[in-house]
Amino acid sequence: MSKVSLEGQVAVVTGAARGVGELLARKLSARGAKIALVGLEPDELKQVAGRLHADADWWHADVTDHEAMARVAAEVKERFGKVDIVVANAGVATGGPFVDSDPVAWRRVIEVNLIGSAVTARAFLPVLMESRGYLLQIASLAAITPAPMMTAYCASKSGVEAYAHSLRAEVGYKGVRVGVGYLSWTDTDMVRGADQDDVMRELRQRLPWPSNKTYPLGPAVDRIVAGIERRSSHVYAQWWLRGMQGIRGYLPGVIGAVGQREMKRFEPRLGSVSRGLVGAGGAADESVHQR
């Protein structure tokens, strides 16, 4: 599809206080889009909004709260007059062996990444239908290939991928395009937070190339912006992810065999792996949902 100018378009970005969401907001703004930032960190959101090139505003809301997100959607429409683009980017992660995992943290990953994405879409689809707009659901390499020590994250990202593909078929005839964005390990607070754990970092470094690298944030977000301009069905933040689609059917068997060997190697150290949500975004989520 040909590129759509972002000049004057209104884009909503969830999880916009940091990482992919923050840089995406800046790059969309630099192309003339008006930006609505949504997240859990009001001070950071306010700072991000103040640095943007074009008209911008921010909303403090939990993406898993349907009433809050419905209110945000109404207020964004009132503030900007329309909504053309929604990027469901908000996400959290936890790692470690499933059998020892914190059930509350595990459930929260599913709630934020999968249910929060659906709540976001439910709130904004009516205004996207008015504008014949575009919904980009951020998924992950974790949707394409399973990985040990990442059960909640892989489940959530596989879930949003399937859900977004289903939604595309439902709303396409109403003029709304739905895309799925795939990212490998990208230099964000979330990935740096996971890497603070020695076992998780070493396990990731033992993955086959090119999935064992951490990729710079800027080029990844540039590719996401290009996907938004084209209203693409599939957006790949790293070039090689497209090729993974063709072999994904073989990956569970390969990962199952290799993963068993690696888990046996790391077993004496598994007790040291952190059980909570990782990174600054995870800390922000936990501070809002004190247990």
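Rules used in this analysis
Residues numbered from 1 in each chain as written. Predicted model: local features only at pLDDT ≥ 70, side-chain atom pairs only at ≥ 80, totals over all residues. Heavy atoms only, no water. Helix = DSSP H or I, 4+ residues; strand = E, 2+ residues; numbered from the N terminus. Rg over C-alpha atoms; globule rule 2.2 N^0.38 Å. Buried < 20%, exposed > 50% of the residue type's maximum accessible area, 1.4 Å probe, protein only. Contact = heavy atoms within 4.5 Å. Areas by Shrake-Rupley, 256 points an atom, 1.4 Å probe, with all protein chains shown as cover. Lys, Arg positive; Asp, Glu negative; His and termini not counted. Charge placed at Lys NZ, Arg CZ, Asp CG, Glu CD. Polar contact = N/O pair within 3.5 Å; in protein donor to acceptor, adjacent residues only side chain to side chain. Salt bridge = Lys/Arg side-chain N within 4 Å of Asp/Glu carboxyl O. Core = buried A, V, L, I, M, F, W, Y, C linked by side-chain atoms within 4.5 Å.

S.K.: Help me get a handle on the overall build of the protein, residues and values and all.
M.R.: Assigned secondary structure in the protein consists of twelve helices and seven strands. Here the protein has a C-alpha radius of gyration of 18 Å; the compact-globule value for 291 residues is 19 Å, and the two agree. Each of the three principal axes of the protein carries a C-alpha extent, and together these read 55 × 40 × 30 Å. Residue burial in the protein is summarised as follows: out of 291 residues, 52% are buried. Across the protein, every contact between residues at least 6 apart in sequence was considered, and the portion connecting residues at least 24 apart equals 71%. Of the roughly 12,900 Å² of accessible surface on the protein, a fraction of 54% belongs to carbon and sulfur atoms. The averaged location of the 31 negative side-chain charges in the protein is 7 Å from the averaged location of its 36 positive side-chain charges.

S.K.: Give me the lowdown on the side chain of Arg204, citing residues and values where you can.
M.R.: Of note, Arg204 is situated in helix α8 (residues 198-205). At 2.9 Å, the side chain of Arg204 forms a polar contact with the side chain of Thr214.

S.K.: Mind laying out the pattern of salt bridges, listing which residues take part and the relevant values?
M.R.: Scanning the entire structure with this criterion turns up 25 salt bridges. The salt bridge partner of Arg79 is Asp55, with a shortest N-O separation of 2.8 Å. Here Arg79 is found in helix α3 (residues 66-80), whereas its partner Asp55 is found in the loop between α2 (42-51) and β3 (56-60), with 24 residues between them in sequence. Overall, the relative accessible area of 34% leaves Asp55 in the partly exposed class. In this structure, Arg206 engages Glu262 in a salt bridge whose closest nitrogen and oxygen atoms are separated by 2.6 Å. Within this pair, whereas Arg206 is found in the loop between α8 and α9 (217-229), its partner Glu262 is found in helix α11 (residues 251-266), the two being separated by 56 residues in sequence.

S.K.: Pulling in residues and values, what's your account of the nonpolar core?
M.R.: Within the largest apolar cluster, 48 residues are counted, with the highest numbers of intra-cluster contacts made by Val12, Met69, Val76, Val83 and Phe124. At the level of secondary structure, the elements contributing two or more residues to this core comprise β1 (10-14), β2 (34-39), α3, α4 (103-131), α5 (141-144), α6 (151-171), β6 (177-182) and α10 (241-244). Per-element tally for this core: the top contributor is α4, with ten residues. Listed in part, the 32 residues of the second largest apolar core include Leu23, Leu45, Leu52 and Leu136.

S.K.: Run through unusual backbone geometry, naming residues and quoting values.
M.R.: Positioned with a positive phi, Arg132 is a non-glycine residue whose angle comes to about 55 degrees. We note that Arg231 has phi near 55 degrees; this positive angle belongs to a residue other than glycine. Relative to the assigned elements, Arg231 resides in the loop between α9 and β7 (234-236).

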